[in-house]
Amino acid sequence: MSKNNILFIIPDEKKVYENVSVKVGSFHLPPLAFAILGAIAKESGYNPDVLDLTFYNDYENCLEEKLSLNPAYICLTCTTAIYFHVVEIAGFIKRKKPEIKILIGGPHASSTVEETLRHDCFDYLFIGESEKSFKQFLEGINPKDIEGIAFKDEDGSLNVRPNPGYLRELDKYPFPDYALYDLTKYYLPNMHARQNPVIWIETSRGCPFDCQICNKVVHGQTFRPKSSERVLDEMEFFYKLGVREFLIADDGFTSNMKRSEAICDGIIKRNLSITWACINGIRADRVNQDLLIKMRKAGCYRIALGIESGNQGVLNNLGKKITLQQIESAVKMANRAGIEVFGYFMFGLLDDTEETMQDTIRFAKSLSLDFAKASLVMPFPGSPLHSKYSALGLLYPPENYKKYNVYTSPKEVYRHPTLDWEIIEKYQKKFYRGFYLNPGYIIRRLVHSVKNKTLFSTIRTALSVDWF
């Protein structure tokens, strides 16, 4: 066993889309988390390597080859929908090389600590943000003395050391190590990117708002920004390495609008010929016209808004603390600035009725959105919604996490308190037909596609969708 080798394994994300009829909205990029932890590992004197199983059809053969190198540690992370595959991977490793220690982290593991460690294939679980705890672990500190880690003692009892709080002073941590990846493998088509290579970049952590649908176990509710200079230094560093586009991973890039303006000013001043997008979503009440114009000048071509519902009462009960008027205003300002707007909507919210879902369809059609996505509500572990549904007895036991997939129906996950799933799914399809087959939208999109030379990709996208 090579005590200085660490293997980071990315589960095969194709498995999330195996039974999905519409795959066009999905894309795959190098995980930011492993780029961050890979940099921490190098700082600690280790040799990190990454295996992305998404590029292989037979994960066992790939693993066999990597296991022959005898890494000291194997690191896994996952969302809820891919957790089943991570358990498969860890189980395979333990059968082949039981001496290798397997570390797991990420939103699902951090939300289900005790349940995850019931699997004997996982040796250590890192809770929440793990830069500090991971570094201490690699430096040989006794796990019992590390905060933010969980494991089984020799007698089988569970030893959980919660994080005392979320990381501050994010500027002091090393740049993510994207040299661990072959970026040429992660090419994104025009629907998802304007330039390649593309990477995720993080400029802040934490979201101070109380939306019921979000899992904030990993980054919490305290907004913690990197300084504008640190963000710009990262962008310039990766730009010099050949990166041409950035997807902002933040929960709230514009939470501090002055800082956002400073980042835009810096991009322009440093003459970085980049494109970027806030596809993880920004709040409609945290933008103004001047900021959006500046973002466009700095290379931002698309923002996403978490709109969720077109009914104000439903939004209020969801904890959004945002109004329909603010959403309308944000979309119009982005239109004037020349920035595309992607609207995220949800059907099957706790307070939804047929009337409120129809309100959502009408509202979406009234907005000059470039794209819209309507998901069915999924109560992920760690979110307030999951706790509420559990308390109401709406979740079906035992929980089959493979079914916690936003691209499929949740009808095997939970029971909606007032609506049949057939009704909810009917309105979801009605949303897509009403929005994308709206003559006004089609004309607007065709004009945009011709102007931006994306007509053929737009047509291919439209033909790939099951409208009925």
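Below is a summary of the structure that appears in this document.

Cut-offs used in this document
Residue indices begin from 1 for each chain and proceed along its sequence in written order. Where totals are concerned, whole chains, interfaces and linings use all residues; where local detail is concerned, this predicted model gives features only for residues with pLDDT of at least 70, and gives and counts side-chain atom pairs only at 80 or more. The side-chain values count all of the structure's non-hydrogen atoms but skip hydrogen atoms and water molecules. Each helix corresponds to a stretch of at least 4 residues labelled H or I by DSSP, and each strand to a stretch of at least 2 residues labelled E; elements are numbered beginning at the N terminus. Throughout, exposure labels follow a simple rule: accessible area from a 1.4 Å probe, protein chains only, divided by the maximum for the residue type, with under 20% read as buried, over 50% as exposed, and the rest as partly exposed. Only buried residues count toward a nonpolar core. Its members are Ala, Val, Leu, Ile, Met, Phe, Trp, Tyr and Cys residues joined through side-chain atoms within 4.5 Å. Here, two residues are considered to be in contact whenever any of their heavy atoms come within 4.5 Å of each other. Two aromatic rings from Phe, Tyr or Trp, using only the six-membered ring of Trp, form a pair when their centres are within 6.5 Å; if the ring planes differ by under 30 degrees the pair is stacked, by over 60 it is edge-to-face, and anything between is tilted. The criterion for a charge sitting over a ring is simple: Lys NZ or Arg CZ within 6 Å of the ring centre, and within 35 degrees of the ring normal. Strand pairing is assigned whenever DSSP identifies at least 2 bridges connecting the two strands. Helix axes use the C-alpha atoms of the stretch in contact, all axes being lines fitted to C-alpha atoms, and the angles between their N-to-C directions lie in the range 0 to 180 degrees. Whether a crossover is right-handed comes down to one check: with the strands pointing away from the viewer, does the path from the first strand over the helix to the second run clockwise; if it does, it is right-handed. The patches reported here contain residues having more than 30% relative accessible area and no salt bridge. Joining distances are 9 Å for like charges and 5 Å for nonpolar side chains (Val, Leu, Ile, Met, Phe, Trp, Tyr). Residue exposure ignores everything except the shown protein chains as possible cover, and the areas themselves are Shrake-Rupley values with a 1.4 Å probe. Any carboxyl oxygen of Asp or Glu that lies within 4 Å of a side-chain nitrogen of Lys or Arg is treated as forming a salt bridge with it. Take the number of residues in a helix, subtract one, and multiply by 1.5 Å to get its expected span.

## Here we look at the environment of Asp 265
For step 1, the next point in the chain: Mapped onto the secondary structure, Asp 265 falls in helix α8 (residues 257-269).
For step 2, the next point in the chain: The class for Asp 265 is partly exposed, based on a relative accessible area of 36%.
For step 3, the next point in the chain: Each C-alpha atom of the pair Asp 265 and Tyr 344 lies 28 Å from the other, and the pair is 79 residues apart in sequence.

## Quick look at the nonpolar core
For step 1, the next point in the chain: Counting residues in hydrophobic clusters, the biggest one holds 152 residues, and the most contacted among them are Phe 122, Phe 134, Trp 276, Met 295, Ile 303 and Ile 327.
For step 2, the next point in the chain: Element by element, the count of residues in this core is highest for helix α3 (residues 83-96), at eight residues.
For step 3, the next point in the chain: Aside from chain neighbours lying at most four places away, what touches Ile 303 is Cys 278, Ile 282, Leu 292, Met 295, Ala 334, Ile 339, Glu 340, Val 341 and Phe 342.

## What to know about the packing of aromatic side chains
For step 1, the next point in the chain: The final tally for this structure, using the stated rule, is 32 aromatic pairs.
For step 2, the next point in the chain: Summarising the aromatic geometry, the rings of Tyr 432 and Tyr 436 are spaced 6.2 Å apart at their centres and angled 15° between planes, so their arrangement reads as stacked. Residue Tyr 432 and its partner Tyr 436 are both found in helix α14 (residues 421-436); the two are separated by four residues, about one turn of the helix.
For step 3, the next point in the chain: An aromatic cluster of three or more residues is present, and its members are Phe 8, Phe 34, Tyr 46, Tyr 73, Tyr 124, Phe 126, Phe 134, Phe 137 and Phe 151.
For step 4, the next point in the chain: In this arrangement the basic side chain of Arg 244 is found over the ring face of Tyr 239, its NZ or CZ atom lying 4.0 Å from the centre.

## What about the sheet that holds strand β14 (residues 340-347)?
For step 1, the next point in the chain: Read from one edge of the open sheet, six strands run β8-β11-β12-β13-β14-β15, paired in parallel fashion. Bordering the open sheet on either side are β8 (198-201) and β15 (371-376), each of which pairs with just one other strand. Going across the sheet, the axis of each strand differs from the next one's by a mean of 20°, ignoring polarity.
For step 2, the next point in the chain: With six bridges joining them, β14 and β15 adopt parallel strand pairing. Directly across from Phe 342, in β15, lies its bridge partner Phe 371.

## What to know about the side chain of Glu 308
For step 1, the next point in the chain: Structurally, the position occupied by Glu 308 is in strand β13 (residues 300-308).
For step 2, the next point in the chain: Taking relative accessible area as the criterion, Glu 308 reaches 7% and is therefore assigned buried.
For step 3, the next point in the chain: When residues no more than four places from it in sequence are discounted, the contact partners of Glu 308 are Ile 213, Leu 315, Leu 318, Lys 320, Tyr 344, Phe 345, Met 346, Leu 349 and Thr 360.

## Topic: the pairing of β15
For step 1, the next point in the chain: Counting buried positions along β15 gives five out of six residues, so the element sits mostly inside the fold.
For step 2, the next point in the chain: Regarding the hand of the β-α-β motif, the stretch spanning β14, helix α12 (residues 354-366) and β15 is right-handed.

## Digging into a nonpolar patch on the surface
For step 1, the next point in the chain: Taken together, Leu 437, Ile 442 and Leu 446 make up a surface patch of nonpolar side chains, about 220 Å² in accessible area.
For step 2, the next point in the chain: With respect to the element layout, Ile 442 can be found in helix α15 (residues 439-451).

## What to know about helix α11 (residues 324-337)
For step 1, the next point in the chain: Between its first and last C-alpha atoms α11 spans 20 Å; for 14 residues at 1.5 Å apiece the expected length is 20 Å, and the two agree.
For step 2, the next point in the chain: Along α11, the positions that sit buried rather than exposed are Leu 324, Ile 327, Ala 330, Val 331, Met 333, Ala 334 and Ala 337.
For step 3, the next point in the chain: Of the surrounding elements, those touching the buried residues of α11 are α9 (289-297), β13, α10 (312-318), β14 and α12.

## Digging into the pattern of salt bridges
For step 1, the next point in the chain: Enumeration over the complete set of coordinates arrives at 32 salt bridges.
For step 2, the next point in the chain: Measuring nitrogen to oxygen at the nearest pair gives 2.8 Å for the salt bridge that ties Glu 234 to Arg 230. Here Glu 234 pairs with Arg 230, and both are found in helix α7 (residues 228-240), just four residues apart, close to one helical turn. Of the two residues, Glu 234 and Arg 230, neither departs from the other in class, the shared state being buried.
For step 3, the next point in the chain: Glu 412 is the partner of Lys 403 in a salt bridge, and the nearest nitrogen-oxygen pair spans 3.7 Å.
For step 4, the next point in the chain: Here Lys 403 falls in the partly exposed class, since its relative accessible area comes to 31%.
For step 5, the next point in the chain: The network of salt bridges with common partners includes Glu 129, Glu 131, Glu 202, Arg 205, Arg 224, Lys 226, Arg 230 and Glu 234.

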